[in-house]
Amino acid sequence: MDINGLEYFIKAAETLNFTKAANECQITQTAMSQHINNMETVLGFRLFSRTTRKVSLTPAGEAFYIRIKQLLADYSQAVQYSADVASGKISTIQVSIPSAMEGSVIMPRFQCFQERYPDVELEIRIQSTVSIAHQLNNGLCDVAISWPYEFDRTITHTYSIAEFELDVLCSAQHHPAKKTSLTLSDISSEKLFAVNLTKMPHTRFNMERMWADLGHTMPDLSVKHNVYTIEEIILRIQLDPAIIVLVPTYCKRFIPDTYRAVPLDAPLKFQLTAAAQKDDPRPEIMRLIRVLSDPRVPLDF
């Protein structure tokens, strides 16, 4: 039983006509019948029921057809992928991340992937939070690292990398910096600044729900400025020292002494996810996703 014979069987199963299947496979009808007979002998069960009027699949033949068709598709994909490797082609995965901070935190998993698959090149690019989902949804990158809410779930899968608590970040001279922790009531009365959410309605909805679950109404967030990255909102603190911002706890390792990160006593969370399109056939994409979401590889924060 060889690959050609299996392909002949699939064609016969789909046409239920040995003569038509033989013509499409460019072999004789006699050769087609012989291939099917040989397969049934090797397998030990009948694939087709034959009468003078029609040909039909047996229940075993139907089960065999479903599984062998998928196996042949996997085989063809494996041959093509291996041929690309053999010809010297290097696979490239384009990864979009929202800032260098996330890149540094996740870097141990990027490095782990690179060590396991040295023939795959990672191109890591920083994109604003508002554009990352658009990039992936429209096939402009292969893997996106961001909040999970704006990805089109009909065409993408999201996988959790980690969940982080949120800290209050402010100027070291601002009065909240003097406290050891802050409550939601404390920050509700402050000038709270955040990434612009006008183009991220699903993220805004989930943030409002998170506040509501804790018994609070989310404060109005400043949308005066078109700010879409953590670095940009941190710069706003220097322009206006009365501003406070909510950032993932890992951000404090990247900030100078002119800032303070104060923990919250409420469990406001930031979820970081890796997303990829569902119909991307390249196995290296899912290999990267598996490494990025593997809790056995510790993050750096």
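Residues numbered from 1 in each chain as written. Predicted model: local features only at pLDDT ≥ 70, side-chain atom pairs only at ≥ 80, totals over all residues. Heavy atoms only, no water.

1. Quick notes on the overall build of the protein chain
Scanning the protein chain from terminus to terminus reveals 10 helices and 10 strands. Expressed along its principal axes, the backbone C-alpha trace of the protein chain runs to roughly 90 × 45 × 30 Å. Counting only residues that meet the buried cut, the protein chain has 43% of its 301 residues in that class. In the protein chain, the share of contacts with a sequence separation of at least 24, taken over all contacts with a separation of at least 6, comes to 75%. If you sum the accessible surface of the protein chain, you get close to 16000 Å²; carbon and sulfur atoms cover 51% of it. When the 30 basic and 34 acidic side-chain charges of the protein chain are each reduced to a single mean position, those positions are 4 Å apart. (Helix = DSSP H or I, 4+ residues; strand = E, 2+ residues; numbered from the N terminus. Buried < 20%, exposed > 50% of the residue type's maximum accessible area, 1.4 Å probe, protein only. Contact = heavy atoms within 4.5 Å. Areas by Shrake-Rupley, 256 points an atom, 1.4 Å probe, with all protein chains shown as cover. Lys, Arg positive; Asp, Glu negative; His and termini not counted. Charge placed at Lys NZ, Arg CZ, Asp CG, Glu CD.)

2. Quick word on the nonpolar core
Counting 65 residues, the largest nonpolar core has Ile93, Val95, Val143, Ile145, Ile187, Leu246 and Leu288 as the members making the most contacts within it. With seven residues, strand E6 (residues 156–171) is the single largest residue contributor to this core. In contact with Leu246, not counting residues within four places along its chain, are Leu166, Asp167, Val168, Ile187, Leu192, Phe193, Trp211, Leu264 and Leu268. Tyr8, Phe18, Ala22 and Phe48 belong to the second-largest nonpolar core, a separate cluster that totals 21 residues. (Core = buried A, V, L, I, M, F, W, Y, C linked by side-chain atoms within 4.5 Å.)

3. Points about the pairing of strand E8 (residues 243–248)
Each regular strand displays side chains that alternate between the two surfaces of the sheet. Extensive coverage of E8 is indicated by the burial of six of its six residues. What you see with E8 is no split at all: Ile243, Val245 and Val247 on one side and Ile244, Leu246 and Pro248 on the other are buried throughout. Two elements, strand E7 (residues 191–193) and E8, share three bridges in a ladder whose sense is parallel. The residue bridging Phe193 from the neighbouring strand is Val245, located in E8. (Pairing = 2+ DSSP bridges.)

4. Considerations on the packing of aromatic side chains
This model, assessed by the stated rule, comprises nine aromatic pairs. With 5.3 Å between their ring centres and 85° between their planes, Phe18 and Phe48 make a pair best called edge-to-face. Placement of the pair is Phe18 in helix H2 (residues 18–25) and Phe48 in strand E1 (residues 48–50), with a sequence separation of 30 residues. Cluster of aromatic residues (ring-pair linked, three or more members): Phe9, Phe18, Phe45, Phe48 and Phe64. (Phe/Tyr/Trp six-rings, centres within 6.5 Å; stacked < 30°, edge-to-face > 60°.)

5. Remarks on empty space enclosed by the protein
The full count for this structure, using the stated rule, is two cavities of 30 Å³ or more. Taken as a whole, the largest cavity holds about 60 Å³ of empty space. As for the largest cavity, its lining consists of Thr129, Ile132, Ala133, Ser146, Trp147, Tyr149, Glu150, Met200 and Thr203. Broken down by class, the residue content of the lining of the largest cavity amounts to five nonpolar, three polar and one charged. Considering only enclosed or pocket space, the second largest cavity measures out at about 40 Å³ in volume. Partitioning the lining of the second largest cavity into residue classes produces four nonpolar, one polar and one charged. (1 Å grid on protein atoms, 1.4 Å probe; cavity = no way out; pocket = protein on both sides within 12 Å on 5 of 7 lines; lining within 4 Å. Points joined across faces, edges and corners; volume = space filled by probe spheres on them. Nonpolar A, V, L, I, M, F, W, Y, C, P; charged D, E, K, R; others polar.)

6. Structural notes on helix H5 (residues 100–116)
Note on helix geometry: an α-helix contains 3.6 residues per turn, so any two residues three or four positions apart are oriented the same way. For H5, which comprises 17 residues, the first-to-last C-alpha distance of 23 Å matches the rise-based estimate of 24 Å (1.5 Å per residue) to within 8%. Along its length, H5 reaches its greatest deviation from straightness, about 60°, at Ile106, and the proline Pro108 lies no more than four positions downstream. Among all positions of H5, only Met101, Glu102, Gly103, Val105, Ile106, Arg109, Phe110, Cys112 and Phe113 are buried. Sitting at the amino-terminal end of H5 is Ser99, which places a side-chain oxygen 3.1 Å from the backbone nitrogen of Met101. (Expected span 1.5 Å × (residues − 1). Bend = angle between axes of the 7 residues up to and from the residue. Polar contact = N/O pair within 3.5 Å; in protein donor to acceptor, adjacent residues only side chain to side chain.)

7. A closer look at the side chain of Glu40
Its location among the elements puts Glu40 in helix H3 (residues 29–43). Since its relative accessible area comes to 9%, Glu40 is described here as buried. At 2.8 Å, the side chain of Glu40 and the backbone nitrogen of Leu47 are in polar contact. Look past the residues within four positions of Glu40 in its chain and what remains in contact with it is Phe45, Arg46, Leu47, Phe48 and Arg50.

8. Details of the pairing of strand E10 (residues 269–277)
Looking at chain direction, strand E5 (residues 143–146) and E10 are connected through four bridges and run antiparallel. Bridge pairing in E10 places Val143 opposite Ala276. For E6 and E10, the ladder comprises nine bridges, and the chain directions are antiparallel. In the sheet register, His157 faces E10, and the bridge partner there is Ala276.

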